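# Examining the three-dimensional arrangement
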Amino acid sequence: MLKLLRPKQLAKKTNHNTLRVLRIGLLAFYGVTVLLVLLTLTWITIRDYHQTMQEAEKYNLSLARSLDENATRAYVSTEQAMQNIIEDIERQGGVEKSDEYVMHLLLKDKVRLTPQIRGIITIAPNGVLHSHGLEYPVRKVSLSDRSYFAYHRDFDSTRQYINEPILSRTDGKWLLPITRRINLPNGEFGGVVLSGMEPTYFLKFYDSLQLPQGMKVELLRSDGIILVNYPFNESKLGLNVRNNDPLFFEQLRLKRSSTFIQNENGEKLVTFIVNQSDNPLIIRLSYDVDSILASFKSQTHVRIALAAALMLVISILTFILMRQIKRAEETEARLHLTQFTVDESPDMTLWCDETGKITYVNKSMVKQSAYETEEIDQLSFTDLFTEITSDEWQKLLLQLQENKPTSFEGLLKNALGKIIPIEISLSRIQFQNQFYICCTARDISSRREAEQELRRHRDHLQEMVMERTAEIRTVLDASPLAIMLSMRGVIRLVNPAFELLFAYAASDIIGLPTHQIFSSTERFSETSQIIWSKIASGGVYRGEAELYRRDHSPFWAMIYAKALVPGDMSKGLIAVIEDITSQRIAAQALRQSERLNRTIIDQTADGFLLIDAGLRICDVNRSFTRLLGFTRENLIGRRPEELWPDNAARIFPSNLSELIDKPQAPIDLELNNVDGKSHPFLVNSGVVLDDQHSIEHAYAFFTDITVLKKIEAHLVEAKEAAESANYAKSSFLANMSHELRTPMHAILSFSEMGLGKTQNQEIAENVNLYRYYERINASGKRLLVLLNDLLDMSRLEANKMTYDKASYSLQQVARLACNEISSLINSKQLQLNIQEPEFESSANFDKARLTQVLVNLLSNAIKFSPVGGMIDIHFINSAKLKDGQAAIGISVRDYGPGIPEEELEYIFDKFIQSTRIRNGGGTGLGLAISRQIINDHQGQIVAENHPEGGAIFTVLLPCESNALDGA
């Protein structure tokens, strides 16, 4: 091959502008590289995430199929073992006629040969255990209450029946009973054969698979009953997963194989596979998504670290390259790269001078021309491209000299004489003050052949399409239903309604195989065979099928199909397709709603009665028949008047329209049962309207209130007894208080006389006597206060407290209360801060009782205040009561520990004290009496805690109108 130029000769000439461009380009390259690293990292992360999830789905599907095969083998081998036993029993004339010991040996042998079976038993027609493969003689246990026994006794089906997992009555272990009915020669019930499959058989198999962490396995019966779960959880055995979402469960069961993400108790990848052998088994796998993505997350962290390291390396290299950018080796490397690219290019490339003499060819040109390198060195441009004459070559040179690259198609004649059609591109290049012509040529032989073939097929197809389209286009465009013409399994024509239904444009769907709109080619083949078996003789097929739109979303359709030429499948068929998804969903939802309503009505504890527009009973629930003793058969068709002549009109008036606007208030009635005994009920009735708002039915709910009536009677008796006891207590307290006050005054009088006579402390005997009299006087006063509180409380409870109300100054009463309790304030060295108001506030109240209230509040403040503390009294000139009435008031604040939030209302109860009291003392009546006194004044008293500590008691009283005006 000829070599014309060396790149190193081009690298000698550089300037400042070139270096600047290179620097900018290098920086741009750095930025793009960093961006590509980040984008690549993001893309790889997203790709790996999807690959991880897809691999998990494939693993789940593969595992589920393996588990399905294992369950199928276990089920089939159990069925085969039972078949031999059943045939032997039927030959002997049933379970009762078979010999127990012989059957024991037979069953024991079958158990030994079938590892998944723990035991096989036979059950006589009366439900008693007849023989057992694990013990002889067998215990005669009755199994007639088992659901599988009732099923086989009532139904003559000889198919195997898988029951819910149960605890064996013979060994107390869990087993999966698989049963079959035994028929006598005359067809009567001859007993049951039961094979008890061990859940541990499946669990050991699952353990041997070494399933990944987070994987759960459930073997379900076709109706959703859990037969086996792994990891084993016996509390879930026998539960029905279908009850969680019946519609979704049925959709999964119809699809037979599904994988989806479930967000219940954490995100999980769930695989649902229905047994491929039509056995009543389902495999459901759930794989924790966090466990699936654990490896992906660790790999992502590694990639991020590597990407960061890579960007650091790129940054260092960029810095180095910026310093070395002036070196000529980079230019040399670029030229060598260019030379290599041209040499290895798949397109044919040659250079020639303006005379047409060839100076350079690449490998592709040498290969296509079939010349040796030395021979090409002696050739010119026109020797290879024989169509181009010398005059045409000159014209091409003139165009190229005007900097107009040109392209055209020509012929290449190689050394073997073969003519190759090519596409030629010419451009003029200047190098070292000399001009060269660069020619790039591309072989277009295959393209021309393909174009010719395509033109031929296009013309043929166009003729066919025009013929067919002209015949049926008008009908197709006018139809509101989707119409499709299919020939030899390929869609040839669709109408606009089809495009709208399947989301395909006609140009996209025409020419595609017909199975494109089905879930799979197998499903299409099954449906196609059914259709052609119907329409081959000229009939019309009508049936439902699940089809798929362009976005792979499924929907149910009604297909009407007819052959274009009966008996000739090659001529194709025409199909009319109608979307019936909404109708199926609505019908299924209606059936589910009816079942739900029927279940609720039957299970409710209240009786339910339904009548039609003609006032005849058409339905009742079980509770109604249970409460009143009637049978459903005796009630249907009768009128309520026949059952309760006196009360039926109150439940269902003769004009049922009266119930339309009737308020939903229950009616308390006593109705007679079937024996004529009366029972109390609460009855709610109403009507059911049809679409025209006409009365279709009327209904009533009957709530048995017999127990409530008895409770009500007991409550009335208890209330009367409590009121009597309270009255007796109040009378006792009032009498006792009066009786105790008289001797107490005598005690106080004598103690005061003793204090007066022993004041002279110079006499030795007076010192002790004075202390004794002082203690007697203090204890008597405390007891007198207690008696006064008890007397006041008894009066308040009996509403016998009298008040001498008049208009008084609130400030004057507060000062009076402070003076009365000043000795206690001084004893604890407390500072009393009384707010001096701008004007006196007056209200209508009993001065003595209000003073009593303020003394109680101040006493409590003194009790909870620390020694040397403070007590604040604040007057409220303007406030509102709960009913919105204007009020004035007074508040007392201490600086003690405050009141627990949960006790702010509790402390106003009788005989109740705050838990903050440590030293005891008091009766717990002061605040209760104070609240009752304030309530009798139509005021209010509340307790709260100050944000900075301590408690605040606030008393509000209705203010006089003139006081409000003065304020």
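What counts, and where the lines are drawn
Residues numbered from 1 in each chain as written. Predicted model: local features only at pLDDT ≥ 70, side-chain atom pairs only at ≥ 80, totals over all residues. Heavy atoms only, no water. UniProt positions renumbered as here; feature names shortened; annotations may be inferred. Helix = DSSP H or I, 4+ residues; strand = E, 2+ residues; numbered from the N terminus. Contact = heavy atoms within 4.5 Å. Areas by Shrake-Rupley, 256 points an atom, 1.4 Å probe, with all protein chains shown as cover. Pairing = 2+ DSSP bridges. Axes fitted to C-alpha atoms, helices over the stretch in contact; angles between N-to-C directions. Core = buried A, V, L, I, M, F, W, Y, C linked by side-chain atoms within 4.5 Å. Buried < 20%, exposed > 50% of the residue type's maximum accessible area, 1.4 Å probe, protein only. Phe/Tyr/Trp six-rings, centres within 6.5 Å; stacked < 30°, edge-to-face > 60°. Polar contact = N/O pair within 3.5 Å; in protein donor to acceptor, adjacent residues only side chain to side chain. Salt bridge = Lys/Arg side-chain N within 4 Å of Asp/Glu carboxyl O. Expected span 1.5 Å × (residues − 1). Parallel < 35°, antiparallel > 145°, perpendicular 65-115°, else oblique. Left-handed = near helix turned anticlockwise from the far one by under 90°. Nonpolar A, V, L, I, M, F, W, Y, C, P; charged D, E, K, R; others polar. Disulfide = S-S within 2.5 Å. Patch = residues over 30% accessible without salt bridge, like charges linked within 9 Å, V, L, I, M, F, W, Y side chains within 5 Å. pLDDT = per-residue confidence, 0-100.

Going by what an unreviewed UniProt entry lists, the protein chain is known as histidine kinase and is assigned to Deefgea chitinilytica. Per its UniProt entry, the protein chain bears the Catalytic activity (unreviewed entry) comment "ATP + protein L-histidine = ADP + protein N-phospho-L-histidine."

### Some words on the overall build of the protein chain
Within the protein chain one finds 28 helices and 33 strands. Look at the contacts in the protein chain between residues 6 or more apart in sequence, and 54% of them connect residues 24 or more apart. Carbon and sulfur atoms make up 54% of the accessible area of the protein chain, which totals about 54,600 Å².

### A few points about the sheet that holds strand 33 (residues 951–958)
An order of 28-30-31-33-32 is seen for the 5 strands of this open sheet, with the pairing classed as mixed. Lying at the two open borders of the sheet, with one neighbouring strand each, are strand 28 (831–834) and strand 32 (940–945). Pairwise comparison of adjacent strand axes, ignoring direction, gives a mean angle of 20° for this sheet.

### Observations regarding the nonpolar core
One recurring pattern in soluble globular proteins is that nonpolar side chains are buried together. If you look at the biggest cluster of nonpolar residues, it comprises 46 residues, and the most contacted ones within it are Phe202, Tyr206 and Leu219. Element by element, the count of residues in this core is highest for helix 1 (residues 16–92), at 12 residues. Judged by nonpolar contacts, the second largest core, of 41 residues, contains Ala814, Ile862, Ile873 and Phe953.

### Here we look at the sheet that holds strand 9 (residues 257–262)
Strand order in the open sheet formed by 5 strands is 8-7-11-10-9, with antiparallel pairing between adjacent strands. Both edges of this open sheet fall to strand 8 (226–230) and strand 9, since each of them pairs with a single strand only. The average angle at which neighbouring strand axes cross in this sheet is 15°, direction not considered. The pairing of strand 7 (residues 215–221) with strand 11 (residues 281–288) spans 7 bridges and is classified as antiparallel. Residue pairing for strand 11: Glu218 is matched across the bridge by Arg284.

### So, the packing of aromatic side chains
Counted under the stated rule, the structure contains 25 aromatic pairs. A centroid spacing of 5.7 Å and a plane angle of 70° characterise the contact between Phe149 and Phe189, whose relative ring orientation is edge-to-face. Linking Phe149 in helix 3 (residues 147–154) with Phe189 in strand 6 (residues 189–197), this pair joins segments that are 40 residues apart in sequence. Across the pair, Phe189 and Phe149 agree in class, each one buried. By way of ring pairs, the aromatic residues Phe624, Trp644, Phe681 and Phe702 are connected into one cluster.

### Description of the environment of Asp154
Note on placement: Asp154 falls in helix 3. When its relative accessible area of 52% is taken as the criterion, Asp154 is described as exposed. Measuring from C-alpha to C-alpha, the distance between Asp154 and Phe189 comes to 8.7 Å, with 35 residues separating the pair along the chain. Within polar-contact distance, the side chain of Asp154 engages the side chain of Arg153 at 3.4 Å.

### Let's talk about the pattern of salt bridges
The final tally for this structure, using the stated rule, is 31 salt bridges. For Arg456, the salt bridge goes to Glu453, with nearest N and O atoms at 2.4 Å. Taken together, the positions of Arg456 and Glu453, both in helix 13 (residues 445–478) and 3 residues apart, correspond to about one turn of that helix. On the basis of relative accessibility, which here comes to 48%, the residue Arg456 falls in the partly exposed class. For Glu453, a relative accessible area of 35% translates into the label partly exposed. The salt bridge partner of Asp459 is Arg458, with a shortest N-O separation of 3.7 Å.

### What about helix 16 (residues 521–535)?
Every α-helical turn comprises 3.6 residues, leaving residues that sit three or four positions apart pointing alike. End to end, helix 16 covers 20 Å across 15 residues, agreeing with the expected 21 Å (1.5 Å per residue, within 8%). Its buried side turned inward, helix 16 meets strand 19 (541–548), strand 20 (554–563) and strand 21 (573–579).

### Details of the pairing of strand 30 (residues 870–880)
Of the strand pairs in this sheet, strand 28 and strand 30 are connected by 4 bridges, and their pairing is parallel. Residue Gln831 lies in a different strand from strand 30, and its bridge partner there is Met870. Alignment of strand 30 against strand 31 (residues 886–894), held across 8 bridges, turns out to be antiparallel. Each bridged residue has a counterpart across the sheet, and for Ile871 the counterpart in strand 31 is Asp894. The hairpin formed by strand 30 and strand 31 contains 5 residues between the paired strands, and Gly884 there has a positive phi angle of roughly 90°.

### Observations regarding the environment of Gln399
Note that Gln399 resides in helix 12 (residues 390–401). C-alpha of Gln399 to C-alpha of Arg428: the two residues are 29 residues apart in sequence and 9.4 Å apart in space. Residues within four places of Gln399 in sequence aside, it is in contact with Lys404 and Thr406.

### What to know about the packing of helix 24 (residues 810–820) against helix 26 (residues 847–864)
Between helix 24 and helix 26, whose axes approach to 9 Å, the crossing angle comes to 55°. Classed by the angle they form, the pair helix 24 and helix 26 counts as oblique. Helix 24 and helix 26 meet at a crossing whose hand is right-handed. Between helix 24, through Leu810, Gln812, Val813, Ala814, Leu816, Ala817, Cys818 and Glu820, and helix 26, the contact on the second element is made entirely by Lys847, Leu850, Thr851, Leu854, Val855 and Leu858. Residue composition of the contact of helix 24 with helix 26, by class: 10 nonpolar, 2 polar and 2 charged.

### Things to note about the side chain of Asn495
Relative to the helices and strands, Asn495 is located in the loop between strand 18 (490–494) and helix 14 (496–502). Only 3.0 Å separates the side chain of Asn495 from the backbone nitrogen of Phe498, close enough to count as a polar contact.

### A closer look at the packing of helix 26 against helix 27 (residues 926–936)
Between helix 26 and helix 27, the shortest axis-to-axis distance is 10 Å and the interhelical angle comes to 145°. Between helix 26 and helix 27 lies a crossing whose hand is left-handed. Listed contacts from helix 27 to Arg849, Leu850, Gln852, Val853, Asn856, Leu857 and Asn860 of helix 26 are Gly926, Leu927, Ile929, Ser930, Ile933 and Ile934.

### Observations regarding the state of the cysteines
Each disulfide consists of one covalent bond between the sulfur atoms belonging to two cysteines. Throughout the structure, instances matching the rule amount to 0 disulfides. The thiol sulfur of Cys439 is not disulfide-bonded, and the nearest other cysteine sulfur, from Cys352, lies at 7.2 Å.

### Details of the environment of Ile873
Relative to the helices and strands, Ile873 is located in strand 30. Spatially, the C-alpha atom of Ile873 lies 9.2 Å from that of Asp894, the residues being 21 residues apart in sequence. Sequence-distant contacts of Ile873, defined by excluding residues within four places in its chain, comprise Cys818, Leu832, Asn833, Ile834, Gln835, Leu858, Ile890 and Ser891.

### Comments concerning a nonpolar patch on the surface
Together, Leu312, Val313, Ile316, Leu317, Phe319 and Ile320 give the surface a local cluster of nonpolar side chains, amounting to about 570 Å² of exposed area. One can find Leu312 in helix 7 (residues 294–323).

### Quick notes on the confidence of the model for the protein chain
Predicted coordinates in areas of low pLDDT are best not read in detail. Averaged over every residue, the pLDDT of the protein chain is 82; residues scoring 70 or more account for 89%. Under a pLDDT of 50 for its full length, residues 1–16 has, in the predicted model, 34 contacts with residues more than four places off or in other chains. Throughout residues 962–967 the model reports pLDDT below 50, and contacts reaching past four residues in sequence, or to other chains, amount to 4 contacts.

### Thoughts on unusual backbone geometry
Cis rather than trans, the peptide bond between Tyr136 and Pro137 has omega equal to -10°. Tracing the backbone through its elements, the reader meets Pro137 in the loop between strand 2 (129–132) and helix 3. For the bond from Tyr230 to Pro231, the omega torsion is -5°, close enough to zero to count as cis. Here Pro231 is to be found in the loop between strand 8 and helix 5 (246–255). The phi angle at Leu615 is positive, at roughly 60°, despite the residue not being glycine. Relative to the assigned elements, Leu615 resides in the loop between strand 22 (607–612) and strand 23 (617–620). Its relative accessible area of 11% is what places Leu615 among the buried residues.

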